[in-house]
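Geometric and topological summary
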Amino acid sequence: LYRLDLKTGAFVKIGTFTFNKKSDLVTDLAVDDTGKLYVVTYEDLFLCGIQTAACSWIAKLPSTFNGLTFVPKGTVDNGADTLIGISEDGGWNKITVTGSTAKIAKLGSYGGGWVSSGDAFSVEGIGTYATLKGKGNSDALAKVDPKNGKATIIGETGAKGLFGLAWWGGVFYAFSSNGSVYTLDVQTGKATVVAGIQVPPDVKWWGAGVSTRAAGTK
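Report follows, based on the coordinates. Keep in mind the model is a prediction, meaning the values are calculated, not measured. (Residues numbered from 1 in each chain as written. Predicted model: local features only at pLDDT ≥ 70, side-chain atom pairs only at ≥ 80, totals over all residues. Heavy atoms only, no water.)

Glancing now at the state of the cysteines. Scanning all chains against the criterion turns up 1 disulfide. Here C48 is linked by a disulfide to C55, with a sulfur-sulfur distance of 2.1 Å. Judged by the sign of its S-S torsion, about 105°, the cystine formed by C48 and C55 is right-handed. (Disulfide = S-S within 2.5 Å.)

Given below as structure tokens:
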């Protein structure tokens, strides 16, 4: 787990994920409006220390997701942020946990033959966006309706393997499975390699997360 310090352009290593039950590969992560960090592996959902990367098991998942995000309260559920799992086929799924049981309700999908490249983010006051693939030579950036997962394509990014997507300070950031970090043009989708950011050696990004309140909304 890494934190990107945009003031210095450096990645700060928080630690290696540890699990109190059944360790596995982390496929993505998400941060809610209170700053709590959730991660999914191929089979399970965990709550992890955002300063320690130590993870406590929450529930076994009935489906596998390669993307994870919270959407702000008032979009899907009125009283709280909603946890969304994104399947490789572009399915947009609400995850509800009761006790140690996770229930999945499919809200919709990206549609149009598009599938998930690997991530999405949703920030109050900014919107919900995702990286998709399936129609061009690179991943595409799309705006998503958080209620049903329907994607409106903005444009091809020119980059592939964008498994992590986040927003901060008015900028869209994409993190590639080859270790690259890009900014994305919200009008065209075009990816530009971020200059001055030192990526740790041999790191391949499999996800990214940002709070639904990253824009400073109340």
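Moving on, we get to the sheet that holds strand β15 (residues 151-156). Strand order in the open sheet made by the 4 strands is β12-β13-β14-β15, with antiparallel pairing throughout. Every other strand in the sheet has two partners, leaving β12 (115-123) and β15 as the edge strands with one partner each. Pairs of neighbouring strands in the sheet enclose a mean axial angle of 25°, with direction left out of account. In the sheet, strand β13 (residues 127-133) pairs with strand β14 (residues 140-144) via 4 bridges, with the strands oriented antiparallel. Looking at the pairing, L132 lines up with A140 of β14. (Pairing = 2+ DSSP bridges. Helix = DSSP H or I, 4+ residues; strand = E, 2+ residues; numbered from the N terminus. Axes fitted to C-alpha atoms, helices over the stretch in contact; angles between N-to-C directions.)

Before going further, it helps to spend a moment on the nonpolar core. Soluble, globular proteins show a tendency: their nonpolar side chains are buried together. Counting 25 residues, the largest nonpolar core has F121, L165, F172, F175, V181, Y182 and L184 as the members making the most contacts within it. Filtering out sequence-adjacent residues up to four positions away, Y182 remains in contact with A159, L162, F172, Y173, A174, S176, A191, T192, V193 and V194. (Core = buried A, V, L, I, M, F, W, Y, C linked by side-chain atoms within 4.5 Å. Buried < 20%, exposed > 50% of the residue type's maximum accessible area, 1.4 Å probe, protein only. Contact = heavy atoms within 4.5 Å.)

On the basis of which strands lie adjacent, the open sheet formed by 4 strands has the order β16-β17-β18-β19 and antiparallel pairing. One side of each edge strand has no neighbouring strand; the edge strands of this open sheet are β16 (162-168) and β19 (191-193). Between one strand axis and the next, the sheet turns by 35° as a mean value, whatever way the strands run. By the bridge criterion, 3 bridges tie strand β18 (residues 181-184) to β19 in an arrangement that is antiparallel. Paired with T183 across the two strands is T192, which belongs to β19.

Looking now at unusual backbone geometry. The phi dihedral of A53 is positive, around 65°, even though this residue is not glycine. The residue A53 is located in the loop between β6 (44-48) and β7 (54-60) in this model. Taking the relative accessible area as the measure of exposure, A53 reaches 0% and is therefore buried. With a phi close to 65°, D202 is a non-glycine residue in the positive phi region. On the basis of relative accessibility, which here comes to 78%, the residue D202 falls in the exposed class.

Positionally, K204 belongs in the segment after β19. Taking the C-alpha atoms as reference points, K204 and K133, separated by 71 residues in sequence, lie 19 Å from one another. When near neighbours in sequence (up to four residues on either side) are disregarded, K204 contacts S176, S177 and G179.

Our next topic: the environment of T183. Tracing the chain through its elements places T183 in strand β18. The class of T183 is partly exposed, set by a relative accessible area of 24%. Along the sequence, T183 and F172 sit 11 residues apart, while their C-alpha atoms lie 5.5 Å from each other.

Take D139: it is sitting in the loop between β13 and β14. This buried residue, D139, is left without a salt bridge; K133 holds the nearest opposite charge, at 6.3 Å. Setting aside chain neighbours within four positions, we find D139 in contact with S117, L132, K133, E156, T157, G158, A159, K160, G161 and L162. (Lys, Arg positive; Asp, Glu negative; His and termini not counted. Salt bridge = Lys/Arg side-chain N within 4 Å of Asp/Glu carboxyl O.)

Okay, a nonpolar patch on the surface next. A cluster of nonpolar residues, L25, Y42 and W206, forms a patch on the protein surface that exposes about 290 Å² of accessible area. Relative to the helices and strands, L25 is located in the loop between β3 (18-19) and β4 (26-31). (Patch = residues over 30% accessible without salt bridge, like charges linked within 9 Å, V, L, I, M, F, W, Y side chains within 5 Å. Areas by Shrake-Rupley, 256 points an atom, 1.4 Å probe, with all protein chains shown as cover.)

In this section: the pairing of β12. Burial of β12 is extensive: 8 of the 9 residues sit out of reach of the surface. When β12 meets β13, the two strands line up antiparallel, connected through 7 bridges. Note that in β13 the partner of V115 across the bridge is K133.

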